[in-house]
Amino acid sequence: MGAQLGDASAPARLAGPDEAIGRDELALATRNHGLPLEALRYDLSPPGLHYVLTHYDIPYVPDDTHWYLTLVGSVRSPLRLDLADLRAFPQVTTRVTLECAGNGRALLAPRPVSQPWLVEAVGTAEWTGVPLRLLLGEAGVEGGAVEVVFTGADHGVERGVEQDYQRALPLDVALGTEPEVLVAYAMNGAPLPPQHGRPLRLVVPGWYGMAQVKWLREVRVVDEPFTGFQQRVAYRIREQADEQGVPVTRIAPRALLIPPGFPDFMSRTRVVPPGHVTLDGRAWSGWAPVTRVEVSADGGRSWHEAELEPDGGHPWAWRRWRLGWTATPGEHELSARATDAEGHTQPLQQPWNRGGFANNLVQRVRVVCPDPDEVR
Ligand SMILES: Nc1nc2c(c(=O)[nH]1)N[C@H]1C(S)=C(S)[C@@H](COP(=O)(O)O)O[C@H]1N2
Ligand SMILES: [Mo]
């Protein structure tokens, strides 16, 4: 394959100073899709509105009765389980907000050339499945184990490296109880849709999307840190191509507005009639609960504390926030900024890294408020 399919030692490409979104990025953007932001109104994203990201092809699994999950590697008794076996284990349902680590990438300058997300790579679902720690307990993890490697059934080539989609978690995260990592077979009470991993996926509450391996077919306990492409090459925060970089792990806090008023078709600028408006939206963080959301209606000059709804017993899901605002004729720029209990917050100036990962710059929403005297 080589030359035409890229070179494993070459870094991912950055767009030139005035380079528009290319056909390659458009092809990714039509396959993968974001949450239409008006769907932030739903506590649980209806399947089909939840964002989707798939590196390669969605495996064709018309019949899941022959799907097997194997637990192998440094374990005392390797397991081979079908869906019926998995359903016989205790069942847990957790409400989890997932976000792609590349969310916000297309707003960066220079733009990392990849899936061109703006801010909409997010969704919340109730995932039902077996706690991974119970499966690992059944298999019996051996003493020298350090990580667990998860393999999906999808296969592709990325920057010249042919691979199955694979990611690892540290053993303590895989065995965790707060939260529990799930091997999930249902989303919002129904079997997983094909694009979300039918019939099985990993769900790691609080972690960015790349950890949530879909079409899960193998769980391998290993004695050495995993060095696969998605662990060592991709999903690392680097400013220079030759840095080793810092691994992407948990979700940085973010707040998004439910777009107020109505949109202009092409520019998506919001039109909001003058008068009182409730600004509301969602906020989340994978590090600690969101404790504060501030809102600005003047392009970040002044900030006002929004009211936060209780988490309703769902600490790994987004929280609703709201704040009243009076729209006056003219143009406005709305923003919301989340802070979590550990003090992580959203930057007002763009941080940058070559992959565009974990970028949580505050959202800016342009609003035009028409002057009622000028309308007629
Ligand atoms: N097997 C497999 N799992 C995968 C991926 C993939 O390409 N293959 N993409 C990951 C990435 S980068 C993200 S952001 C999430 C997206 O999950 P969703 O499509 O269910 O929202 O799946 C993750 N799990
Ligand atoms: Mo992602």
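Residues numbered from 1 in each chain as written. Chains lettered and ligands numbered in written order. Predicted model: local features only at pLDDT ≥ 70, side-chain atom pairs only at ≥ 80, totals over all residues. Heavy atoms only, no water.

### A closer look at the site of ligand 1
For clarity, the cut-off: Near is defined per residue: the residue qualifies when any heavy atom it owns lies within 4 Å of the molecule or strand. Residues adjacent in sequence count toward polar contacts only when both atoms are side-chain atoms; beyond that, a polar contact is any pair of N or O atoms within 3.5 Å, and within protein one must be able to donate a hydrogen and the other to accept it. Reported accessibility uses the Shrake-Rupley method at a 1.4 Å probe radius. Residues are deemed covered only where the shown protein chains occlude them. Here the nonpolar group is Ala, Val, Leu, Ile, Met, Phe, Trp, Tyr, Cys and Pro; Asp, Glu, Lys and Arg are the charged ones; every other residue, Gly included, is treated as polar.
The immediate surroundings of ligand 1 are formed by 20 residues, with His55, Asp154, His196, Arg201 and Lys214 found nearest. In the environment of ligand 1, an oxygen atom lies 2.6 Å from a nitrogen or oxygen atom belonging to the side chain of His196. For ligand 1, a nitrogen atom lies 2.9 Å from a polar atom in the backbone of Gln212. Summarising the interface, the protein chains cover 100% of the accessible area of ligand 1, which totals 530 Å² for the free molecule. Split into classes, the residues belonging to the shell around ligand 1 amount to 9 nonpolar, 8 polar and 3 charged.

### Describing the sheet that holds strand 13 (residues 254-257)
Where we set the bar: Strands are treated as partners if at least two bridges between them are detected by DSSP. Only DSSP runs of H or I with at least four residues qualify as helices, and only runs of E with at least two residues qualify as strands; both kinds are numbered from the N terminus onward.
Strands sit in the order 13-16-20-19 across an open sheet of 4 strands; the sheet is antiparallel. In this open sheet, the two edge strands, each paired with only one partner strand, are strand 13 and strand 19 (307-308).

### Comments concerning the side chain of Thr128
To keep things clear, this is the line we draw: A contact between two residues is defined here by any heavy atoms of the two lying within 4.5 Å.
Inspection of the secondary structure assignment puts Thr128 in strand 4 (residues 122-131). Discounting residues that sit within four places of it in the chain, Thr128 has contacts with Gln91, Val92, Thr93, Ala184, Tyr185 and Ala186.

### Considerations on the UniProt feature "domain: Oxidoreductase molybdopterin-binding" (unreviewed entry) in the protein chain
Threshold: UniProt positions are given in the numbering used here, feature names are shortened, and annotations may be inferred rather than shown by experiment.
The UniProt record marks residues 56-229 with the feature "domain: Oxidoreductase molybdopterin-binding" (unreviewed entry), using the residue numbering of this structure. Secondary structure over residues 56-229 splits into 10% helix and 38% strand, and the C-alpha atoms at its two ends are 14 Å apart.

### Structural notes on unusual backbone geometry
Leaving glycine aside, a negative phi is the common case for residues, and trans is the common case for peptide bonds. What counts is decided by this rule: Between buried and exposed lies partly exposed: a residue is buried under 20% and exposed over 50% of the maximum accessible area for its type, with that area taken using a 1.4 Å probe on protein chains only.
Along the chain, Glu178 connects to Pro179 via a cis peptide bond; the corresponding omega equals 5 degrees. Relative to the elements of secondary structure, Pro179 occurs in the loop between helix 4 (171-174) and strand 7 (182-187). The linkage connecting Arg198 with the following residue, Pro199, adopts the cis geometry, with an omega of 5 degrees. One can find Pro199 in the loop between strand 8 (190-191) and strand 9 (201-203). For Asn188, which is not a glycine, the phi torsion comes out positive at approximately 50 degrees. Looking at where Asn188 falls in the secondary structure, it is placed in the loop between strand 7 and strand 8. Take Asn188: its relative accessible area is 25%, and that puts it in the partly exposed class. A positive phi angle, close to 55 degrees, is found at Tyr235, a residue other than glycine.

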